[in-house]
Amino acid sequence: MSLLSLRNVTAFYGPAQALFDVSLDVAQGEVVALMGRNGMGKTTTVKAICRMLPARGALTFDGQDLTRLPSHRAARLGIGLVPEGRRCFANLTVTENLIAAARPGPWDMDTVTALFPRLAERRTQTAGTLSGGEQQMVAIGRALMTNPRLLILDEATEGLAPLIRDEIWQAIARIKTETGTAILVIDKSPAELARVADRAVILARGETVWTGAMDALTPEVSARFIGL
Ligand code: ATP
């Protein structure tokens, strides 16, 4: 059974329809890449899942109807979001940022700082003084501290230097292999997504246009829906 399931989901920004027909599934322990060109509805789909935007259609998480829940309840169900633009509390220290998100489970200060050793070194520094990559590590660490059953990463490596990007991809791979957390991941690099994702879902103009195994995503499909 799917942990997360969307069937024929539609969503609007005021009068403007942004999602027309989105269907996707994420199973327990699975990593799914949500792909598509800019403006095709990836972030809007994430907002619909996290109840930050009203949506219609069938949206379920662990069999529960998400459309009936306000966003704080959706988070409590076990969806951990790393939103676009690496948000953390700039005036709080790294430790305070992480502790503020904590819920019981295998992810705690020790396991998060083992995943990102830099955060241990920066423990007492305020998040606002960290590099962009370190702030992204804090944002991922915060989501992990909630001990989610589904982790959603929206452009977690955007605008970061290649070395830091690589560290973050390695961490995502470790989250997958070591904890079996289900992950829905959005990124601009198909090559990096191919390293961790089991399946891909491609959106175009607010619709799911392709779903399949990551290794079935041919250059033709990629050229048609994603671009090079
Ligand atoms: P990107 O990679 O550029 O973030 P995306 O696939 O995540 O792209 P969305 O941000 O989901 O795309 O945008 C989908 C559509 O919804 C676009 O046409 C966009 O212009 C529109 N849209 C996004 N945010 C808003 C908003 N706050 N108000 C109105 N329209 C919006």
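Residues numbered from 1 in each chain as written. Predicted model: local features only at pLDDT ≥ 70, side-chain atom pairs only at ≥ 80, totals over all residues. Heavy atoms only, no water.

**Brief notes about the overall build of the protein chain**
Right, on to step 1. In terms of helices and strands, the protein chain carries nine helices and 10 strands.
Right, on to step 2. In terms of overall dimensions, the protein chain is globule-like: its C-alpha atoms have a radius of gyration of 17 Å, near the 17 Å expected for 228 residues.
Right, on to step 3. Here the protein chain, with 228 residues, has 50% of them falling under the buried criterion.
Right, on to step 4. Within the protein chain, residue pairs in contact and separated by at least 24 positions form 67% of the contacts whose partners lie at least 6 positions apart.
Right, on to step 5. If you sum the accessible surface of the protein chain, you get close to 10,500 Å²; carbon and sulfur atoms cover 52% of it. (Helix = DSSP H or I, 4+ residues; strand = E, 2+ residues; numbered from the N terminus. Rg over C-alpha atoms; globule rule 2.2 N^0.38 Å. Buried < 20%, exposed > 50% of the residue type's maximum accessible area, 1.4 Å probe, protein only. Contact = heavy atoms within 4.5 Å. Areas by Shrake-Rupley, 256 points an atom, 1.4 Å probe, with all protein chains shown as cover.)

**Comments concerning the site of the ligand**
Right, on to step 1. Y13, A18, R37, N38, G39, M40, G41, K42, T43, T44, E84 and E155 make up every residue found near the ligand.
Right, on to step 2. A distance of 2.8 Å separates an oxygen atom of the ligand from a polar atom in the backbone of K42.
Right, on to step 3. E84 has a polar side-chain atom sitting 3.3 Å from an oxygen atom of the ligand.
Right, on to step 4. For the shell around the ligand, the leading source of residues is helix 1 (residues 42-49), giving three residues.
Right, on to step 5. Tallied by class, residues from the shell around the ligand come to three nonpolar, five polar and four charged. (Near = heavy atom within 4 Å. Polar contact = N/O pair within 3.5 Å; in protein donor to acceptor, adjacent residues only side chain to side chain. Nonpolar A, V, L, I, M, F, W, Y, C, P; charged D, E, K, R; others polar.)

**Thoughts on the pattern of salt bridges**
Right, on to step 1. Applying the stated criterion to the full structure yields 13 salt bridges.
Right, on to step 2. Of the charged contacts in the structure, one is a salt bridge between E134 and R118, with a shortest N-O distance of 3.2 Å. Remark: R118 occurs in helix 5 (residues 117-121) and E134 occurs in helix 6 (residues 132-145); sequence separation between them is 16 residues.
Right, on to step 3. The class for E134 is buried, based on a relative accessible area of 5%.
Right, on to step 4. Residue R122 pairs with E134 through a salt bridge whose shortest N-O separation is 3.1 Å. (Salt bridge = Lys/Arg side-chain N within 4 Å of Asp/Glu carboxyl O.)

**Structural notes on helix 2 (residues 71-78)**
Right, on to step 1. Listed as buried for helix 2 are A74, L77 and G78. End-on, the buried residues of helix 2 take up no more than an arc of 55°, which puts them together on one face.
Right, on to step 2. Residues of helix 2 that are buried sit in contact with strand 4 (55-61), strand 5 (64-65), strand 6 (79-82) and strand 7 (150-154). (Arc of directions from axis to C-beta.)

**Digging into the nonpolar core**
Taken as a class, soluble globular proteins show a tendency for nonpolar side chains to be buried jointly.
Right, on to step 1. With 46 residues, the main nonpolar core has M35, I140, L153 and L217 as its most contacted residues.
Right, on to step 2. The greatest single-element share of this core, amounting to seven residues, is contributed by helix 6.
Right, on to step 3. The contact partners of L153, leaving out residues within four places of it in the chain, are V82, I140, I172, I183, L184, V185 and I186.
Right, on to step 4. Counting residues in hydrophobic clusters, the runner-up holds 31 residues, among them L53, L66, I152 and L184. (Core = buried A, V, L, I, M, F, W, Y, C linked by side-chain atoms within 4.5 Å.)

**Considering the confidence of the model for the protein chain**
Right, on to step 1. The predicted model of the protein chain averages 93 in pLDDT, with 100% of residues at 70 or higher.
Right, on to step 2. Scored as a complex, the prediction yields pTM 0.95 and ipTM 0.94. (pLDDT = per-residue confidence, 0-100.)

**Observations concerning the UniProt feature "domain: ABC transporter" (unreviewed entry) in the protein chain**
Right, on to step 1. Under the local residue numbering, the UniProt record ascribes the feature "domain: ABC transporter" (unreviewed entry) to residues 4-226.
Right, on to step 2. Helix makes up 36% of residues 4-226 and strand 28%, with an end-to-end C-alpha separation of 24 Å. (UniProt positions renumbered as here; feature names shortened; annotations may be inferred.)

**Some words on the environment of P219**
Right, on to step 1. Of note, P219 is situated in helix 9 (residues 219-225).
Right, on to step 2. Relative accessible area serves as the criterion here: at 63%, P219 is assigned to the exposed category.
Right, on to step 3. The spatial distance from the C-alpha of P219 to the C-alpha of A161 is 26 Å, given a sequence separation of 58 residues.

**Digging into the packing of helix 6 against helix 7 (residues 162-179)**
Right, on to step 1. Packing of helix 6 against helix 7 brings their axes to within 10 Å, and their N-to-C directions diverge by 15°. As summarised for this structure, helix 6 and helix 7 are arranged roughly parallel, according to the angle between their axes. In this structure, the crossing between helix 6 and helix 7 has a hand that is right-handed. On the side of helix 6, the interface is formed by G133, Q136, M137, I140 and L144, while helix 7 contributes I164, E167, I168 and I175. (Axes fitted to C-alpha atoms, helices over the stretch in contact; angles between N-to-C directions. Parallel < 35°, antiparallel > 145°, perpendicular 65-115°, else oblique. Left-handed = near helix turned anticlockwise from the far one by under 90°.)

**So, the pairing of strand 10 (residues 207-213)**
Right, on to step 1. As defined by bridge partners, strand 9 (residues 199-204) adjoins strand 10 across six bridges and the pair is classed as antiparallel. Directly across from L203, in strand 10, lies its bridge partner T208. (Pairing = 2+ DSSP bridges.)

**Some remarks on the side chain of T10**
Right, on to step 1. Checked against the element boundaries, T10 lands in strand 1 (residues 2-13).
Right, on to step 2. On the basis of relative accessibility, which here comes to 18%, the residue T10 falls in the buried class.
Right, on to step 3. Once residues lying within four places of it in the same chain are set aside, the contact partners of T10 are Q17, L19, F20, A55 and R56.

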